[in-house]
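Geometric and topological summary
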Amino acid sequence: MCELFGFSSGKELVLNDYLKEFYSHSDMHPHGWGLVCLKGNEALIEKEPMQASRSAYLKKRLKAPVCGKQIFAHIRYATIGNIDYRNCHPYTRKDIKGRRWTMIHNGTIFDYSPLDKYSKLQSGDSDSERILMYVVDKVDEAIRENRSDLKAQDRFTLIEEIVSDMAKGNKLNLLMYDGEYTYVHTNYRNSLYYLNKDGKGCSALFSTQPLSKEEWKALPLNTLLVYHEGKRIYTGTDHGNEYFDNEENTKYLYQTFSNL
């Protein structure tokens, strides 16, 4: 199981203390790390297929301020996909209107046939990359049907439909950014938390585990949330597809990991 970190804000904030705590968890998630600073359609991605706490590059990187309004970070525990740069998060991809979508994922897609065709098209071999490829293809399809770019409400409605369907029987924790809005989803209990930094909702942090002694709260379950500059602007409907661990899936993960 990977870990996720996200930040959405209307003002820049230095996040080094949170990131240092986040990356310190990499002893249990040793198969890669990633960091992306996002600004509109720009995505500055840094990542390596190695344990974050052993990375000389990351250690040096965190000595300088990591500052921005929109930042994602990821540490990987490989379940599906080899330990390889191409399988490190974040993933990023543009739709046909040039809008950049960037995503980090925590979980496993055990069975979702619409993703199958991407195994022959993707650069790596992780299920997470296939998720983003599918999302962008569905966005492109909607743009063609609409004959114009999608408005914010349209994008929210589409992503909610995708996430609700994909969550059936699958573990789907993700953070995704479309150049304007941050989409957040969890369907696995007590595995994603949020913190409103200044009490006014102007800065929101997200993490698999609380990263400080501040008042982190569990994110609403089975519900797509959308943030803009730290403020929640859309709240989806509870789709009811909570993920529960089971013996069959645990066995599948063990067998898959043993083959990496």
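In the block above lies the structure referred to throughout.
Notes on the structure in this doc start here. Here the structure is a predicted model, which means the values were calculated and not measured.

From N to C terminus, the protein chain includes 5 helices and 13 strands. Here the protein chain has a C-alpha radius of gyration of 17 Å; the compact-globule value for 260 residues is 18 Å, and the two agree. Oriented by its inertia axes, the alpha-carbon framework of the protein chain measures out at about 45 × 45 × 30 Å. A burial count over the protein chain gives 55% of its 260 residues as buried. Sequence separation of 24 or more characterises 69% of the internal contacts of the protein chain that already satisfy a separation of 6 or more. When the accessible area of the protein chain is evaluated, it comes to approximately 12200 Å², of which 47% is carbon and sulfur surface. Distance between charge centroids for the protein chain: 5 Å, based on 35 positive and 35 negative side chains.

Of all 9 residues that make up strand β6 (residues 100–108), 8 are buried, and the element is covered over most of its length. Hairpin remark: strand β5 (residues 91–94) followed by β6, antiparallel, with 5 residues in the connecting loop; positive phi at G98, about 85 degrees.

This next bit is on the sheet that holds β5. On the basis of which strands lie adjacent, the open sheet formed by 6 strands has the order β5-β6-β7-β8-β12-β13 and antiparallel pairing. One side of each edge strand has no neighbouring strand; the edge strands of this open sheet are β5 and β13 (231–235). Each strand axis lies, on average, 25 degrees off the axis of its neighbour in the sheet, ignoring direction. Bridge analysis of β6 against strand β7 (residues 171–177) gives 7 bridges, and the strand direction is antiparallel. Bridge pairing links I104 to L175 in β7. Along the sheet face, helix α3 (residues 127–146) touches β5, β6 and β7 and points at about 135 degrees away from the line of β6.

The next point concerns the environment of Y18. Structurally, the position occupied by Y18 is in helix α1 (residues 16–23). In this structure Y18 comes out as buried when scored by relative accessible area, which is 8%. Counting along the chain gives 13 residues from Y18 to F5, while the straight-line C-alpha distance between them is 9.0 Å. Contact partners of Y18, with chain neighbours within four places excluded, come to F5, L195, K197, L205, L211, S212, E214 and W216. Side-chain polar atoms of Y18 contact the side chain of K197, separated by 2.6 Å.

On to the packing of aromatic side chains, then. Under the criterion given, the structure shown has 12 aromatic pairs. Both rings, one in Y23 and one in W33, keep their centres 6.0 Å apart while their planes meet at 80 degrees; by these two values the pair is edge-to-face. Within this pair, whereas Y23 is found in helix α1, its partner W33 is found in strand β2 (residues 33–39), the two being separated by 10 residues in sequence. W33 carries the same exposure label as Y23, and that label is buried. Centre to centre, the rings of F156 and Y234 are 4.9 Å apart; their planes meet at 15 degrees, and the pair counts as stacked. Residue F156 is found in helix α4 (residues 152–166), and its partner Y234 is found in strand β13; the two are separated by 78 residues along the sequence. Side by side, F156 and Y234 carry an identical accessibility label, which is buried. A network of ring pairs unites the aromatic residues F5, F22, Y23, W33 and Y57 as a single cluster.

Mapping E129 onto the fold places it in helix α3. As a buried residue without a salt bridge, E129 has its nearest oppositely charged side chain in R93, at a separation of 5.7 Å. Look past the residues within four positions of E129 in its chain and what remains in contact with it is R86, Y91, Q122, S123 and G124.

Turning our eyes to something else, we now look at the sheet that holds strand β4 (residues 67–75). Read from one edge of the open sheet, 7 strands run β3-β2-β4-β1-β10-β9-β11, paired in antiparallel fashion. Single-partner strands in this sheet number two, and they are β3 (42–48) and β11 (217–218). Against the sheet, α1 makes contact with β1 (3–14), β2, β4, β9 (193–196) and β10 (203–207), and its axis sits at roughly 5 degrees relative to β4, the strand it touches most.

Cut-offs used in this document
Residues numbered from 1 in each chain as written. Predicted model: local features only at pLDDT ≥ 70, side-chain atom pairs only at ≥ 80, totals over all residues. Heavy atoms only, no water. Helix = DSSP H or I, 4+ residues; strand = E, 2+ residues; numbered from the N terminus. Rg over C-alpha atoms; globule rule 2.2 N^0.38 Å. Buried < 20%, exposed > 50% of the residue type's maximum accessible area, 1.4 Å probe, protein only. Contact = heavy atoms within 4.5 Å. Areas by Shrake-Rupley, 256 points an atom, 1.4 Å probe, with all protein chains shown as cover. Lys, Arg positive; Asp, Glu negative; His and termini not counted. Charge placed at Lys NZ, Arg CZ, Asp CG, Glu CD. Pairing = 2+ DSSP bridges. Axes fitted to C-alpha atoms, helices over the stretch in contact; angles between N-to-C directions. Polar contact = N/O pair within 3.5 Å; in protein donor to acceptor, adjacent residues only side chain to side chain. Phe/Tyr/Trp six-rings, centres within 6.5 Å; stacked < 30°, edge-to-face > 60°. Salt bridge = Lys/Arg side-chain N within 4 Å of Asp/Glu carboxyl O.

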